Amino acid sequence: QFPFGRRLPCDIYWHGVSFHDNNIFSGQVNKFPGMMETVRKITLSRAMRTMQDLFPLEYNFYPRSWILPEELPLFVAEVRMMKDSNPSWKPTFIVKPDGGCQGDGIYLIKDPSDIRLTGSIQSRPAVVQEYICKPLLVDKLKFDIRLYVLLKSLEPLEIYIAKDGLSRFCTEPYQEPTLKNLHQVFMHLTNYSLNIHSGNFIHSDSVNTGSKRTFSSILCRLSSRGADVKKLWSDIISLVIKTIIALTPELKVYYQSDIPAGKPGPTCFQILGFDILLMKDLKPMLLEVNANPSMRIEHEQELSPGVFENVPSPVDEKVKVAVIRDTLRLMDPQKKKRKDTHNIYYTEFEHAGDILRSLSCISGMKDKQHKHHSLKLSLKLKFYLKLGSCQRLEQAPAASEEAPDAAPSPEPALPSLCLKQVFPKYAKHFSYLRLVDRVAALFIRFLGVKGTTKLGPTGFRTFIRNCRLSNSNFSMAAVDILYIDITRRWNSMGIDHKESGMCLQAFVEAFFCLAQKKYKALPLHEQVASLIELCECRLAALHGKRLVWGCG
C-alpha cells in the first residue's frame, strides 16, 4: 500500500476511489478516468434519456426521470398533463440526490408540490423518477439485485458479468406507497446501509436466507415456481450491455483527455456495481450504476452496548472474493509477459478488506502445496478469506525451456471463472445501438487540443465546414448561433465550469438538431444514422485527398 503514490512502474495499480494519478505511464489501472462522473445519477439519466430518444423500446428498462432543479417546471407540467389525460393514474415518485450514496437523502413523494424546495436543491441537484410500485416480492419483502460487471476494455469494448450477485432485502413487509407509509424507509428502500440499522435485519450464515442472500438462491426459488430463469438472465445481460453502450461515449471523452492517443499511458479496467429491481412480471429495471461498489466481506456485530466486532459475512465472501479473484485472472499481465513475479500497487484503499482480498489472490499464487489459502491482515479489523487454488501458472517451465516436441504443461486446476463475457460475444445484437459512440468519435476528432473535454467555436465551425453541412439555408452565421445557444444553455446547468466550450452532451444535442434539419421525413435514429454516415464519408474523402496532396 502506497498512500502517497509510487514512482516505480507496476503491472497493476489498484486505486481505492478513482483514477487520479497522472504519473502512470504503463501497466493497468482498476479505474477509468471519468467513471465516477459518468455514473452519477444526473449524468446517467441524461445518457439514458438520449438513448431513449433514439431507441425508446430498447431502453424502457430505465424509469422516466427528470433533473432538478432545471427541469422542475417540466416535471410539474408533464405530471399535470398525464393526470389530466388519465385521472385514475396515482403515481409515486422517488427523489435521489445526484451525489448521494447508501440511501442518503432519498425520499418518496406523491405530487411534485411535495419536493423539498429548500436551499439544498440548488446546491445539491437531484433526479426525480417514477417509483416502481409493483416489484417482485420474496417472503413479502421488496429486494434489489447487486450485480458485478467488469468493464475490461473500452476500445475495443469488452464486458463481463459475474454469474452470481447479491440480493438485498428490505426489512419490513412491502405495501404499495400511500401517504401513510411513504416515509417507511425499511419498507421501500433496499439499501443495505439503511436496513442494517433495522431491528428486523437478519444476518445469516446461509446464502439462502437472511436480509442479504445470493442472487442464485433467488433464481433457484423462481425456477422452482416455474419462472423462465434463462429469459430473465438474457434480459439482465441485455440491460447491462445497453447501459454500458449509453455510458461509453462520455467515458471515451474523459479517457482521451487523461490518456491522449500516442502518448505512453496505462490501460484501464473497472468493476461496476449494477443495482437492478425485478418487477412482478420479472422485467429487470435499472436503478443505478455504482463506480465503487463495496467489496467489504464482513459486517459489524454488537458484542455489548457500544462494543462492535467485525465478523465474516459468508454471502459477501462467496460473491465478492470470486469477482476480485477472477478480475485479476482476466487482467493477469503474466499471460502476456510471462514474468516471474507479480507486482501490484495499492493506493488509498477504502478499507483493509480491499487489500486483503487482492493480496490473498496474489499470495495464494505463491503456494503450490495448498488448494486453499487464508491471509490474516490486522489493520484495526480482522478479515478471513478462503480462496480457491489460485496457483501460479508461472511455476511451470517456460515453453522455451522445454524440449521442442514436448507437450505444453497442463494448467493447474483453478475454479471456473465466475465472470462471463457478454460483449463482444453478443455484439452483433447490439452494434446498431452505438450511434452516440460514433457521434462522440466526431466530437473527439475536432477537439483540437489534447487533454480537453470541450469543443471550442473554431472546432465546431471546422466540423461543419469539413463535413460540408452548411448551405444557403444554413449559413455559417446560423452555425455560430446554434453553437452559442446550445453551449450557453448547457453551461448554465453547471455541468462543468472548469473549461469553457461545448461539452459532449451539448454536441450530441446540436448533432441531433442538424440531423432533424437535414432528414425531416425519417425517425430520429435514422436521421442521426444518416448524418453520421454522411460525415464519416465526407471526412474519409477529405482525408484521402490530403494524402494525395501530401504525396504530390
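Look up: the structure comes first, before these words.
Residues numbered from 1 in each chain as written. Predicted model: local features only at pLDDT ≥ 70, side-chain atom pairs only at ≥ 80, totals over all residues. Heavy atoms only, no water.

Asker: Tell me about unusual backbone geometry, and please be specific about residues and values.
Answerer: Most peptide bonds adopt trans geometry, and most residues besides glycine take a negative phi value. Cis geometry marks the peptide bond from E155 to P156; its omega dihedral reads 5°. By the secondary structure assignment, P156 is in the loop between β8 (141-153) and β9 (158-162). Here F423 and P424 are connected by a cis peptide whose omega angle stands at 15°. Note on placement: P424 falls in the loop between β20 (419-423) and α12 (435-445). Phi angles above zero are rare outside glycine, and D139 is one such case at about 55°. Checked against the element boundaries, D139 lands in the loop between β7 (137-138) and β8. The partly exposed category is assigned to D139, whose relative accessible area is 40%. (Helix = DSSP H or I, 4+ residues; strand = E, 2+ residues; numbered from the N terminus. Buried < 20%, exposed > 50% of the residue type's maximum accessible area, 1.4 Å probe, protein only.)

Asker: Give a description of the pairing of strand β16 (residues 307-312) that names residues and reports values.
Answerer: Across six bridges, strand β15 (residues 298-304) lies against β16 in antiparallel orientation. Directly across from H299, in β16, lies its bridge partner V311. Count of turn residues in the β15/β16 antiparallel hairpin: two residues, of which G306 carries a positive phi of about 85°. (Pairing = 2+ DSSP bridges.)

Asker: Tell me what's going on with the packing of helix α7 (residues 215-224) against helix α8 (residues 229-258), and back it up with residues and numbers.
Answerer: α8 packs onto α7 with a crossing angle of 140° between their chain directions and a minimal axis gap of 10 Å. What the angle tells us is that α7 and α8 run oblique. Counted together, F215, L219, L222 and S223 of α7 and V229, L232, W233 and I236 of α8 form the full contact between these two elements. Looking at side-chain class alone, the contact of α7 with α8 contains seven nonpolar, one polar and no charged residues. (Axes fitted to C-alpha atoms, helices over the stretch in contact; angles between N-to-C directions. Parallel < 35°, antiparallel > 145°, perpendicular 65-115°, else oblique. Contact = heavy atoms within 4.5 Å. Nonpolar A, V, L, I, M, F, W, Y, C, P; charged D, E, K, R; others polar.)

Asker: Break down helix α3 (residues 72-85) for me, citing the residues and quoting the values.
Answerer: Between its terminal C-alpha atoms α3 stretches 20 Å, which fits the 20 Å expected from 14 residues at 1.5 Å a residue. If you check which residues of α3 are buried, you get L72, F75, V79 and M82. The buried residues of α3 occupy an angular sector of 95° when the element is viewed end-on, so they sit on one face. Exposed positions of α3 whose direction lies more than 90 degrees from the buried face are P73, M81, D84 and S85. Turning to α3, the residues buried within the fold contact β3 (65-68), β4 (93-97) and β6 (126-130). (Expected span 1.5 Å × (residues − 1). Arc of directions from axis to C-beta.)

Asker: Describe the sheet that holds strand β5 (residues 107-109), and please don't skip the residues or the numbers.
Answerer: Read across the sheet, four strands follow the order β3-β6-β4-β5 without closing on themselves; strand pairing throughout is antiparallel. Edge positions in the sheet fall to β3 and β5, since each has one partner strand and no second. Averaged over all pairs of adjacent strands, the angle between strand axes in this sheet comes to 25°, irrespective of strand direction. Of the strand pairs in this sheet, β3 and β6 are connected by four bridges, and their pairing is antiparallel. Paired with L68 across the two strands is A126, which belongs to β6. Contacts between helix α2 (residues 41-54) and the sheet are confined to β3, β4 and β6, with β3 contributing the most and set at about 135° to the helix. Set on the sheet, α3 makes contact with β3, β4 and β6; between it and β3 the angle comes to about 145°.

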